[in-house]
Each structure stands twice: as structure tokens, then as C-alpha cells.
Amino acid sequence: MMLDRDDVSSTVDALKSDQDDMSTIVDALKRNQDDKSITVDALRRNQDNMSVTVDALKRDQDNMRQLSTTVDALKRDQDDMRQLSTTVDALKRDQDNMYQLPTTVDALKRDYDVMSTTVDALKLDLEKERSRTAALEQRLNEMNYTMWHEICYKASNTRKTFSEAAASCREDGGTLAMPRDAETNAFLISLYKSVSYRSAYWFGLHDRREEGSFEWVDGSALGMYNSWHPGQPDNNKGNEDCVHYWNGHEDKWNDISCHVSHHFLCQAVPGTHCNRVIS
């Protein structure tokens, strides 16, 4: 079949048009390819940048680890500084104590001097007391005291009131005798009978502080033992506050006025020189 010219021309135009369209498409594809190349290059650059960033982050992480180690070291140093500060304070206190030490030593020296003076004074007092004791022992010997059961006793041959008799015994370094038991009581009776068989004798018992409450001259209570005459004590006429041996009445105890004068019995702490010893 024969194509006419117009159809051919139309076909050619269509082909040209298609060719133009293809060229346009090809150009678009080339541009797209260029854009993709640009994008790929950009992605590569971004990848490189990210690698650099990752490396930087890794380095920062390492730096952070080192920083943490440094911080821990600084904390340890801080603790050491605190301990050092405590040590310095302790050293300062020690230094202050060292400064005070000479003062303390001086005070101790003064105390030592005072103690030495006190010891010397005590030694002197001791020597005086020894001399006084020796003199007292000599006096006891001279005053005819008799030792019995480790106590020295004397029956006076003079008459005095109760208070005067007590004072006389004190001058000897003793007291009025205190027969606290039957054995001592019997010894005192035998002692005063050797001096004066018919005399009454004061001994150290009274109720001057409280009526009816008898006590020894050393302040101790009468106790369980007594040797009262029957019906005694009676505080006759309300003024009998001192006690004596009642001669002629079995040498029993009797309360009587303290102002009456009687012979008296003394006792004293023993030394080594009583006149004679009764076993």
C-alpha cells in the first residue's frame, strides 16, 4: 500500500516530536543523575563529617573518662587536705602545749618546793612529838603510873572535884579511868585501895549532858557493864551527875554531886616506862 506524502510528513513530525521528548527525558535523567551524584557526594561528605564527629565524640568520651579520673584524684586530694588540716591543727595544739610546758614545769617545781617544805615541817613535828612522847613517858614513870592490860593507871592521893580531877588527868596526857568491864573494875579497886583504903575515888563516868544517860569521859556510852550499888543511880536532890567508887559500900558505883572533892583514878596511853607492870 502506498503512503501519501502528508502521512509520511505527519509521521516524521511525530517522530521528531518523540525525539524531542526523548531528548528532554534524557536531559532530565542526566540532571537527575547529576543531582544524585551531588547528593551522593553530599552524603559522602556528611558521612565523613559524621566519622569526624564520631571520632571527636570518642575523643571527648576518653577525655571524660580522664576527667572523671582527675575528679576522683582531686577528691582524694581533698580528703588528704582535710586530714592534713586536722594534722596541722593537732600540731598547733601540740605546739601550744609545748609553749605551756615550761609553765607546767615551773608549777611542778613550785609544788615540789612546797611539798619539800611540808615534809620538812612534818619531820620537825614528828621529832617534837617523839620528844613530847618521851617526856610524857618519863613523867608517867615519875608519877607512879602502873601498866595493866596495856593501859597505864594511877590512883591519886589528892582530893579534887570531878572537873578538877579530869583536868589533872589531862595534864598527864590521859583521862579519868574508865572501867568498862568487871576485870578492869576489880583492878581499879585494888589499885586505889593500895593508896587509901577508906577514900572514895572519882572515875570517868557522868550524865552531865543528859540526865540518866551515862557516858564515859571520852564521849562513848556506858555500855552493857555496870557495877551500881543497889538503888543507884538515884540523882539525889537532882544534882548528882558524876560517879565515884563508894567506899564502905562494897566499892560499888554511886552518883553524887560533881562538886564534891574526892580522890581520883587516871588512865593514860602507855609508853615504854610505866613504873611497874601488873600481869
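Preceding this paragraph is the structure being described.
Residues numbered from 1 in each chain as written. Predicted model: local features only at pLDDT ≥ 70, side-chain atom pairs only at ≥ 80, totals over all residues. Heavy atoms only, no water.

**Student:** Any chance you could explain the state of the cysteines here in plain terms?
**Tutor:** As used in these notes, a disulfide is a covalent bond between sulfur atoms, one from each of two cysteines. Overall, the coordinates contain two disulfides when judged by the stated rule. Paired through a disulfide, Cys169 and Cys266 show a sulfur-sulfur distance of 1.9 Å. Residues Cys169 and Cys266 share a disulfide whose torsion about the S-S bond is about -80 degrees; that sign makes it left-handed. Taken as a pair, Cys169 in helix H2 (residues 162-171) and Cys266 in strand S8 (residues 263-268) lie far apart in primary sequence, 97 residues in all. By relative accessible area, which is 0% here, Cys169 ends up buried. Across the disulfide from Cys242 sits Cys258; the S-S distance is 1.9 Å. Across the disulfide from Cys242 to Cys258, rotation about the S-S bond amounts to roughly 95 degrees, and the bridge is consequently right-handed. (Disulfide = S-S within 2.5 Å. Helix = DSSP H or I, 4+ residues; strand = E, 2+ residues; numbered from the N terminus. Buried < 20%, exposed > 50% of the residue type's maximum accessible area, 1.4 Å probe, protein only.)

**Student:** Explanation requested: the pattern of salt bridges in the structure shown.
**Tutor:** Once their charged atoms are close, side chains differing in charge can pair, the charge on each being opposite to the other. Summed over the entire model, instances satisfying the criterion amount to six salt bridges. Between Lys154 and Asp172 there is a salt bridge, with the nearest N and O atoms lying 3.1 Å from each other. With a gap of 18 residues between them, Lys154 in strand S2 (residues 151-155) and Asp172 in the loop between H2 and strand S3 (174-176) connect regions that are remote in the sequence. Both residues of the pair, Lys154 and Asp172, count as buried. Residues Arg209 and Glu215 are paired through a salt bridge, measuring 3.0 Å at the closest nitrogen-oxygen approach. Exposure remark for Glu215: the relative accessible area of 11% places this residue in the buried category. (Salt bridge = Lys/Arg side-chain N within 4 Å of Asp/Glu carboxyl O.)

**Student:** I tried to follow a nonpolar patch on the surface on my own but got confused; where do I start?
**Tutor:** Taken together, the side chains of Met22, Ile25 and Leu29 define a hydrophobic patch exposed on the protein surface, amounting to about 310 Å² of accessible area. In this fold, Ile25 is placed in helix H1 (residues 5-142). For Ile25, a relative accessible area of 45% puts it in the partly exposed group. (Patch = residues over 30% accessible without salt bridge, like charges linked within 9 Å, V, L, I, M, F, W, Y side chains within 5 Å. Areas by Shrake-Rupley, 256 points an atom, 1.4 Å probe, with all protein chains shown as cover.)

**Student:** Please clarify how the nonpolar core should be interpreted in this entry.
**Tutor:** The tendency in soluble globular proteins is for nonpolar side chains to be buried side by side. Judged by nonpolar contacts, the single largest core of 21 residues is most densely connected at Leu205, Tyr245, Trp253 and Leu265. If you list the elements that add at least two residues to this core, you get S2, helix H3 (182-193), strand S4 (201-206) and strand S6 (242-246). When residues of this core are assigned to their parent elements, the largest contribution, five residues, is made by H3. Ignoring anything within four residues of it in the chain, the contact list for Leu205 reads Phe162, Phe214, Glu215, Trp216, Leu222, Trp228, Cys242, Val243 and Trp253. Met147, Ala166, Ile256 and Ala268 belong to the second largest nonpolar core, which has 15 residues in total. (Core = buried A, V, L, I, M, F, W, Y, C linked by side-chain atoms within 4.5 Å. Contact = heavy atoms within 4.5 Å.)

These figures capture arrangement, not role.
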